Amino acid sequence: METAGPDPAGTTEIQVGDAPPGASAPIRLPGSARSDVAPGAAWRFALVALAASALFWAIYAALVLTDVGQRIENLALMGAALRSDSDREESLANLTGVSLLVFGIAIIAVIGLALVRRRPGLAALTAGMMIFATIAAEGLKDTLPRPELVSGPAWILRNSFPSGHATVAAAIGIGALLAAPDRLRWLVIPIGAGCAALIGQATQITGWHRLSGAIAGVVLVIAISAIALVILARTRRVHRSSAGRMNTRLRRALAGVGGAILLFGLVVAALPMLFPVLLVPEGAAAVFTHTSFDLIGFGFTTVAFLAFAGVIEPYSLG
């Protein structure tokens, strides 16, 4: 006599009733076991890649290829020249920390972390993303045209889109987020977002880059990371998991800080339009523009990191 029925795990077993206990193991029918592979993850990541790519080119078109965009960004660069020596020295120290040596150590650390977790595919893709994003940023900076729509001194007219320093900082932060154990993502997110935001801010304070270059570096890394995740998902290395869920209070705190800084930057930018008398002192327009862009870049980077973390939150990678 034979009996068949589903077991609690979702598999179907056939047992021979007349066989003595322990004489044979249950037979599991092919394809009957449940799988935690996330079938829709590839589409989710592909949409993020498309959205980030579109945003990258929108930033380039609006702030680099238009007369208005070039004028306000050049005005912000002039405001950077009015920063105090202490501000500039502190920012230069931060930028000095983003070196080729530090980047190499970060790549090795990310690979080591993924390999310790026995996820070689994740190690290879994450390291490849970090390297490719950095190379892409340098290549784009050398090839993307910046038409001379606004006249000015040579140091203001130079092309700096996207920022290599901002790209490297974002690549390290997002690389660590991808390689980290699911349960430790909550720790990596604020550290990675904060470091990337500070580096992006430093590039503006020192006058090395404009707002467009700083935030475009972050967007570029997100786009390339999403493409890497599509590859990971297509090779069935992305699984559903609840272990990476972020604490609600932490999420709200990060969103609140990033959103508040971004909003404050927009308010500072709007003040001269509401109260034109603020622009009467010499250099006031440059100071307002530089200060607002500084804040907008910091807030945008924080929010972008948090949004990307939300995309991968339901999954275990590798």
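Everything that follows concerns the structure shown earlier in this document.
Residues numbered from 1 in each chain as written. Predicted model: local features only at pLDDT ≥ 70, side-chain atom pairs only at ≥ 80, totals over all residues. Heavy atoms only, no water.

Trainee: Give me the overall build of the chain: which residues, what numbers.
Mentor: Of regular secondary structure, the chain possesses 11 helices and 5 strands. Out of the 318 residues belonging to the chain, those deemed buried represent 45%. In the chain, the share of contacts with a sequence separation of at least 24, taken over all contacts with a separation of at least 6, comes to 80%. With an accessible surface of roughly 15,900 Å², the chain has 68% of that area assigned to carbon and sulfur atoms. (Helix = DSSP H or I, 4+ residues; strand = E, 2+ residues; numbered from the N terminus. Buried < 20%, exposed > 50% of the residue type's maximum accessible area, 1.4 Å probe, protein only. Contact = heavy atoms within 4.5 Å. Areas by Shrake-Rupley, 256 points an atom, 1.4 Å probe, with all protein chains shown as cover.)

Trainee: Can you break down the pattern of salt bridges residue by residue, with the values?
Mentor: Applying the stated criterion to the full structure yields 8 salt bridges. Residue K141 is joined to E138 by a salt bridge in which the shortest nitrogen-to-oxygen separation is 3.7 Å. Taken together, the positions of K141 and E138, both in helix α5 (residues 120–143) and 3 residues apart, correspond to about one turn of that helix. Taking the relative accessible area as the measure of exposure, K141 reaches 18% and is therefore buried. Owing to a relative accessible area of 35%, E138 belongs among the partly exposed residues under this scheme. Note that R245 and E313 form a salt bridge whose closest N and O atoms lie 3.8 Å from each other. Here R245 is found in the loop between β4 (238–240) and α10 (248–274), whereas its partner E313 is found in the loop between α11 (284–312) and β5 (315–317), with 68 residues between them in sequence. Judged by relative accessible area, which is 6%, E313 ranks as buried. One salt-bridge network, held together by shared partners, links R83, D87 and D294. (Salt bridge = Lys/Arg side-chain N within 4 Å of Asp/Glu carboxyl O.)

Trainee: Please provide a residue-by-residue account of the layout of surface pockets, values included.
Mentor: Its volume calculated, the largest pocket comes out at about 340 Å³. Considering the residues around the largest pocket, the lining is formed by 20 residues, among which I172, G173, I191, G192 and C195 are closest to the centre. Put simply, the parts of the chain that give the lining of the largest pocket at least two residues each are α4 (100–116), α7 (164–179) and α8 (185–205). Of the residues forming the lining of the largest pocket, the biggest block, 7 residues, is contributed by α8. Taken together, the residues that form the lining of the largest pocket break down as 16 nonpolar, 4 polar and no charged. (1 Å grid on protein atoms, 1.4 Å probe; cavity = no way out; pocket = protein on both sides within 12 Å on 5 of 7 lines; lining within 4 Å. Points joined across faces, edges and corners; volume = space filled by probe spheres on them. Nonpolar A, V, L, I, M, F, W, Y, C, P; charged D, E, K, R; others polar.)

Trainee: Tell me about the side chain of T134, and name the residues and values.
Mentor: By the element assignment, T134 lies in helix α5. Under the relative-accessibility criterion, T134 is labelled buried at 15%. Apart from residues lying up to four places away in sequence, T134 is in contact with F103, T167 and V168.

Trainee: Would you mind going over the environment of P314 in detail, with residue names and values included?
Mentor: Relative to the assigned elements, P314 resides in the loop between α11 and β5. Remark: the alpha-carbon pair of P314 and M246, spanning 68 residues in sequence, is separated by 9.8 Å. Once you skip the residues sitting within four places of it in the chain, P314 turns out to touch R44, H239, R240, S241 and R245.

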